[in-house]
Amino acid sequence: MVDVADKLAYFQAITGLEDPDLCTEILQAHGWDLELAISSFTSSNPTSSSTANSDSEPRQPLLRTESASGSGSDSGVVAAPPPGLAWKLVTLPISVISGSLGLISGAVGLGLWAAGGVLSYSLGMIGLGSGRGGESSARLVSVSAAASEAMDFVAAFEREYGTRRPNFVGEGFMDALQRSRNAFKLLFVYLHSPDHPDSPVFCERTLCSEAVAAFVNENFISWGGSIRASEGFKMSNSLKASRFPFCAVVMPATNQRIALLQQVEGPKSPEELLTMLQRVLEESAPVLVAARLDAEERRNNMRLREEQDAAYRAALEADQARERQRREEQERLEREAAEAERKRKEEEEARERAAREAAEKEAARARMREEKALSLGEEPEKGPTVTQVLVRFPTGERKERRFHSTATIQSLYDYVDSLGCLEAEDYNLVSNFPRVAYGPEKRSLTLKEAGLHPQASLFVELN
């Protein structure tokens, strides 16, 4: 969300507040830090904390709710009543003070983190850093808090229930919603309540059944979260989850809002869940098809305009060339010498410019190779935590190096770039047996997580 209106709309969608003036005041009090404002609101709102893990007081759904004991009939649209004006005025100073303290503590923490990083880097440069062979004691991964929670949930879910499951994306809810918009698919949401007695059976027998997992993976983008985590708790409030296990099907609406198409509350059999998902998919198919056709039409119109503009520019250039040729023909005798001199100078400048650009580009590539070679550090000695990697190039050339098993796939790309054996910049590292392409989505995996430890043979595939 890049502007004030988007932040205001998202804050209203998450908190359920309908007063735009009050929402604007709360966001301004927190310096328009959306995550801080939402955290402050949910921590100070007495209604949100009492509903985190409760099954005793059901809340009304937005569109349709399928309960465990019901017959699957649709319920009407019921909106939660907004908080009273007196409560808003009472909690606003508390939110302002809480937000200010959060900003101060965040700034102090950031300063300490930066100072610690500079000190650690300086000690490493002079050989006093901790770890064998100068190896860093911790790997820094720059991800948002929401994405970190999502990745933790996926890892915990896979440890508990295995790999046959919906392919939950390891990113925040809004990023997953945008991914579903770009893919013209609906978003399947699962909110996990670890303490609920029905959760293990539902996950094992329904959510991870072969039929449900295959259907969801083929037709939906999936996102999951635990209600113990911050974003999972916020989404349980936003989607008004009253019973667990809880699933929902949503799609992006206008102004960063969420359209809730289907709620599934309570334990369900695989057949029941599949029936609900198939129905909502069939009902939403016209909308998705229309969105896809609209996007294709926009692309076609844009391409047509570009072609028309190109044709107009070509015709204009041809007319200008003819006019220029006519004038030059009239003045040929007077301007012949000057024109020849001008062309000579232009050609000379073009050659100099091309040579200068080529030199600058080569210097930049050399600097890049040097920086990536330095970032790799010293090659580790053989050991149980060291991975032997062989890289084959399209020319038949082979290069081999050792890496720590905790190094990422990105370090292999840095190693290939540092060698200077490739002119192309767009390529993938691929293993043969089994064939796996380690593209951008896998570059954050460690060699051990990617199954490349203790040794791997990869080849460079040009795109």
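Located above this text is the structure these notes cover.
Here the structure is a predicted model, which means the values were calculated and not measured. (Residues numbered from 1 in each chain as written. Predicted model: local features only at pLDDT ≥ 70, side-chain atom pairs only at ≥ 80, totals over all residues. Heavy atoms only, no water.)

Caption draft 1: Structural detail: the overall build of the chain. In terms of helices and strands, the chain carries 13 helices and 10 strands. Counting over 463 residues, the chain shows a buried share of 35%. Partitioning the contacts of the chain with sequence separation of at least 6, the portion at a separation of at least 24 is 65%. Of the roughly 27100 Å² of accessible surface on the chain, a fraction of 54% belongs to carbon and sulfur atoms. (Helix = DSSP H or I, 4+ residues; strand = E, 2+ residues; numbered from the N terminus. Buried < 20%, exposed > 50% of the residue type's maximum accessible area, 1.4 Å probe, protein only. Contact = heavy atoms within 4.5 Å. Areas by Shrake-Rupley, 256 points an atom, 1.4 Å probe, with all protein chains shown as cover.)

Caption draft 2: Spatial organisation of unusual backbone geometry. Look at the link from F433 to P434: it is a cis peptide, with omega at -5 degrees. The residue P434 is located in the loop between β8 (427-431) and β9 (436-438) in this model. Of note, the amide linkage connecting H453 to P454 takes the cis form, showing an omega dihedral of 10 degrees. Examined against the element boundaries, P454 turns out to sit in the loop between β9 and β10 (455-462). Despite not being glycine, W32 has its phi angle at roughly 60 degrees, a positive value. Position of W32 among the secondary structure elements: in the loop between α2 (20-29) and α3 (34-44).

Caption draft 3: Looking closely at the pattern of salt bridges. Scanning the model with the defined rule gives 20 salt bridges in all. Of the charged contacts in the structure, one is a salt bridge between D195 and R228, with a shortest N-O distance of 2.4 Å. Separated by 33 residues along the polypeptide, D195 in the loop between β2 (186-192) and α8 (199-207) and R228 in the loop between β3 (220-226) and α10 (230-238) bring together distant segments of the chain. Note that R435 is salt-bridged to E461, the shortest N-O span being 2.7 Å. One end of the pair, R435, is in the loop between β8 and β9; the other, E461, is in strand β10, and 26 residues separate them in sequence. Residue E461 is classed as partly exposed on the basis of its relative accessible area, which comes to 24%. Where salt bridges share partners, they join E331, R335, E339, R342 and E346 into one cluster. (Salt bridge = Lys/Arg side-chain N within 4 Å of Asp/Glu carboxyl O.)

Caption draft 4: Seen up close, the environment of D33. Locating D33 in the fold gives a position in the loop between α2 and α3. Sequence separation of D33 and K7 is 26 residues, and the distance between their C-alpha atoms is 8.9 Å.

Caption draft 5: Region of interest: the state of the cysteines. Tallying each qualifying case throughout the model produces zero disulfides. As a non-bridged cysteine, C247 has C203 as the owner of its nearest cysteine sulfur, 8.3 Å distant. (Disulfide = S-S within 2.5 Å.)

Caption draft 6: Here's a closer look at the nonpolar core. Judged by nonpolar contacts, the single largest core of 34 residues is most densely connected at F11, F173, L191 and W223. Each of domain 1 (1-32) and domain 2 (145-304) contributes no fewer than three residues to this core. If you look at the next biggest cluster of nonpolar residues, it comprises 28 residues, including V154, V212, M251 and L277. (Core = buried A, V, L, I, M, F, W, Y, C linked by side-chain atoms within 4.5 Å. Domains from an automatic or database assignment.)

Caption draft 7: Region of the structure containing helix α12 (residues 332-376). Between its first and last C-alpha, α12 extends 63 Å over 45 residues, near the 66 Å set by a 1.5 Å rise per residue. Of all the bends found along α12, the most pronounced is centred on A338 and spans about 30 degrees. Of the positions making up α12, those classed as buried are E339, R365 and R369. Of the surrounding secondary structure, the elements contacted by the buried residues of α12 are α11 (270-330) and α13 (409-419). (Expected span 1.5 Å × (residues − 1). Bend = angle between axes of the 7 residues up to and from the residue.)

Caption draft 8: Looking closely at the side chain of S405. For S405, the location among the structural elements is in the loop between β7 (398-404) and α13. Once residues lying within four places of it in the same chain are set aside, the contact partners of S405 are T385, V386, T387, T446, L447, K448 and H453.

Caption draft 9: Up close: the packing of aromatic side chains. This structure, assessed with the given rule, holds 11 aromatic pairs. Aromatic side chains F157 and Y161 sit 4.9 Å apart centroid to centroid with 50 degrees between the ring planes, which places their arrangement in the tilted category. Residue F157 and its partner Y161 are both found in helix α6 (residues 145-161); the two are separated by four residues, about one turn of the helix. Taken individually, F157 and Y161 each receive the classification buried, so the pair is uniform in this respect. (Phe/Tyr/Trp six-rings, centres within 6.5 Å; stacked < 30°, edge-to-face > 60°.)

Caption draft 10: How the structure looks around the sheet that holds β9. Taking strand neighbours across the sheet as the criterion, the five strands line up as β7-β6-β10-β8-β9 in an open arrangement whose pairing is mixed. A single partner strand is all that each edge strand has here, and the edge strands are β7 and β9. Taken pair by pair, the neighbouring strands of this sheet meet at an average axis angle of 30 degrees, ignoring direction. Both β8 and β10 contribute to a ladder of five bridges, which runs antiparallel. Paired with N428 across the bridge in β10 is E461. (Pairing = 2+ DSSP bridges. Axes fitted to C-alpha atoms, helices over the stretch in contact; angles between N-to-C directions.)

Caption draft 11: Representation of the pairing of β7. Where strand β6 (residues 386-392) and β7 come together, seven bridges link them in antiparallel fashion. Looking at the pairing, V386 lines up with H404 of β7. As consecutive antiparallel partners, β6 and β7 are separated by five residues, and within that stretch G396 has a phi angle of approximately 95 degrees, a positive value.

Caption draft 12: Structural context of the pairing of β10. In this structure, β6 lies alongside β10, joined through five bridges in parallel fashion. Each residue of the ladder has a partner; that of Q388, found in β10, is Q455.

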